[in-house]
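Working through the structure, step by step
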Amino acid sequence: MTEEVQQTRYQRYLEEISEDITETVQAMGCQPILFIGSGLPRRYMGAPNWDELLNHLAGECSAIEKGLGFYKQSLKTPMKIGEEFARLYQEWAWGVGHNEFPENMFGEDVNAQDYLKFKISALLNSITPADFSQLGGDNFKAEIEALRNIKPHAIITTNYDRMIEMIFPDHEPIIGQQILRGQQFSVGEIFKIHGSIEQYNSIVFTQTDYDNFAKKKKFLSAKLLTFFNEHPVLFIGYSASDPNIRSILSDIDEALPEKGGIIPNVYILEWNDGLAADSSPARDKLIATEEDRSIRVKLIEASDFGWVFDAFAANPVLNDVNPRVLRALIARSYTLVRHDIPTMTIEADFKMLNQAVEDSNSFAKLFGIANISDYSAASAHHCLSATELTNQLGGKGSYIAVSLIRKIKEDKGVDIKESDNRYHRTEKVNKTMFHKYSADMLEILKKVQAGEDYELDLE
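Residues numbered from 1 in each chain as written. Predicted model: local features only at pLDDT ≥ 70, side-chain atom pairs only at ≥ 80, totals over all residues. Heavy atoms only, no water.

In this section: the pattern of salt bridges. Opposite charge on two side chains allows them to pair when their charged atoms are near. Per the stated rule, a full pass over the model turns up 20 salt bridges. Salt bridges here are not isolated pairs; linked through shared partners, they connect Arg162, Glu165, Lys192 and Glu198. (Salt bridge = Lys/Arg side-chain N within 4 Å of Asp/Glu carboxyl O.)

Given below as structure tokens:
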């Protein structure tokens, strides 16, 4: 196998996955929901994983006399180990470790597990960069910018640190049980469902915490169902075996319309540093959920996440929308409908409003939140991807279309993809180039596939 063939094989995987993501985002017509796990702050700021965090906590507290291996052997799960560590931390704090904690933590109203969480907060604070410019070092600057360009509808995270707020400063953090109170509009928000370091007593870490969380998560589960039904969803920084991802996916399992099939709008991104030029990773993954059930989602394997983030930032019409402005608009609209209209007279041009709401572009212009361009008009003629061409030609993926386009180049000496023409158009979304094709291209490919004569007219 030549080096060129090997490279083509990997490049084909990258292009097909990018194309699938882009088509999903554009077909759903809305911004993605991001689920961010501990793998991402580990990547960008060296945050610890479960074992490293437990090891650090054990080293800080002299009351924890045995090695972590003993507790893993006897208690099995990180949550149960956290429960035992919290008990030992309380004993230590009220003894020789007293000076490690502020004096206001020794009142009767302080939770017994807060001493452990205070130390977790202190560690994560100490490794958090002072500002966004220091995040990721030189290795991940471009990747972090690509992530920021996604402009997600909302973010859900089980992380405690403040890295996500640094990357998405226009999103509003909703911490812990605040999710159950007040007005959340599900746009431009970061749902920190397991708490945050600035409120260390909100952190979900021990078995008691997880049990309490499970009892109170009905509202969150309902919100998750809405997200999974209406948006592209990307899990980043979780492994498929992570108990958090299993719990989250379990919440939506019962509501799936088709059992056993792949969920078309849900992706999990896993880091794989073993990818080579001839790699062709799996396209989906079966994840075990709770009660011996399972769920199948789309899998993406990458060592560089930048191209994946570029593909998820593929809704050009919404790229210039500021989440803070959109959230404020929805909040004001909510107040207008719930409070202002029932208590006062509103003067409005209902003819103008009626015309605006019938057309999404006009509605966006009405509120001044969209940068409406000629993107849709320019894309209308070239509306087919290589995957869609291949489907029309009786195959799956994009291989048939790509092969036939290559045959045209061999037969006619013309590279259709070299220019924008009646058959092909290149669209650039952020830094990624996507190839789109017309119905005329489909007709030509049908003739090439059938071995019939054909003529090209690029004008």
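Back to the text.
Now for the nonpolar core. Formed by 39 residues in total, the largest nonpolar core has its most connected members in Tyr44, Leu147, Ile236, Ile300 and Phe309. For this core, the element with the highest residue contribution is helix 1 (residues 3–28), accounting for 6 residues. When sequence neighbours within four positions are dropped, the list of residues in contact with tyrosine 44 reads Leu135, Gly136, Phe140, Glu143, Ile144, Leu147, Met163, Ile167 and Phe309. (Core = buried A, V, L, I, M, F, W, Y, C linked by side-chain atoms within 4.5 Å. Buried < 20%, exposed > 50% of the residue type's maximum accessible area, 1.4 Å probe, protein only. Helix = DSSP H or I, 4+ residues; strand = E, 2+ residues; numbered from the N terminus. Contact = heavy atoms within 4.5 Å.)

Strand order in the open sheet formed by 8 strands is 3-4-2-1-5-6-8-7, with mixed pairing between adjacent strands. Where the open sheet ends on each side, the last strands, each with one partner, are strand 3 (172–175) and strand 7 (284–288). Each adjacent strand pair in this sheet contributes to an overall mean axis angle of 25 degrees, direction not counted. Strand direction decides the pairing type here: strand 1 (residues 33–36) and strand 5 (residues 233–236), joined by 4 bridges, are parallel. Note that in strand 5 the partner of leucine 34 across the bridge is leucine 234. (Pairing = 2+ DSSP bridges. Axes fitted to C-alpha atoms, helices over the stretch in contact; angles between N-to-C directions.)

Attention now moves to the packing of helix 5 (residues 78–93) against helix 6 (residues 114–127). Running from amino to carboxyl end, helix 5 crosses helix 6 at an angle of 100 degrees, the nearest separation of the two axes being 7 Å. On the basis of their axis angle, the class for helix 5 and helix 6 is roughly perpendicular. Together, Gly82, Phe85, Ala86, Tyr89, Gln90, Trp92 and Ala93 of helix 5 and Tyr115, Leu116 and Lys119 of helix 6 make up the contact between the two elements. (Parallel < 35°, antiparallel > 145°, perpendicular 65-115°, else oblique.)

What follows concerns unusual backbone geometry. In this model, lysine 76 sits at a positive phi of 75 degrees, which is unusual for a non-glycine residue. Note that lysine 76 resides in the loop between helix 4 (68–75) and helix 5. Note on lysine 76: relative accessible area 60%, which makes it exposed. Even without a glycine there, the phi angle at lysine 151 is positive, about 50 degrees. On the secondary structure map, lysine 151 appears in the loop between helix 7 (141–148) and strand 2 (154–157). Accessibility expressed as a relative area gives 26% for lysine 151, which makes it partly exposed.

Another aspect to go through is the packing of aromatic side chains. Enumeration according to the criterion identifies 18 aromatic pairs in this entry. Taken together, a centroid distance of 5.5 Å and an interplanar angle of 85 degrees make the contact between tyrosine 89 and tryptophan 92 edge-to-face. One end of the pair is tyrosine 89 and the other is tryptophan 92, both in helix 5 and 3 residues apart, which spans about a single turn. Side by side, tyrosine 89 and tryptophan 92 carry an identical accessibility label, which is buried. Ring geometry for phenylalanine 101 versus phenylalanine 118: centroids 5.7 Å apart, planes at 55 degrees, classification tilted. Linking phenylalanine 101 in the loop between helix 5 and helix 6 with phenylalanine 118 in helix 6, this pair joins segments that are 17 residues apart in sequence. The class for phenylalanine 101 is buried, based on a relative accessible area of 6%. Over the ring of phenylalanine 101 we find lysine 119, and its NZ or CZ is 5.6 Å from the ring centre. Looking at arginine 148, its charged tip hangs above the ring of phenylalanine 132, at a distance of 3.8 Å from the centre. (Phe/Tyr/Trp six-rings, centres within 6.5 Å; stacked < 30°, edge-to-face > 60°. Lys NZ or Arg CZ within 6 Å of the ring centre and 35° of its normal.)

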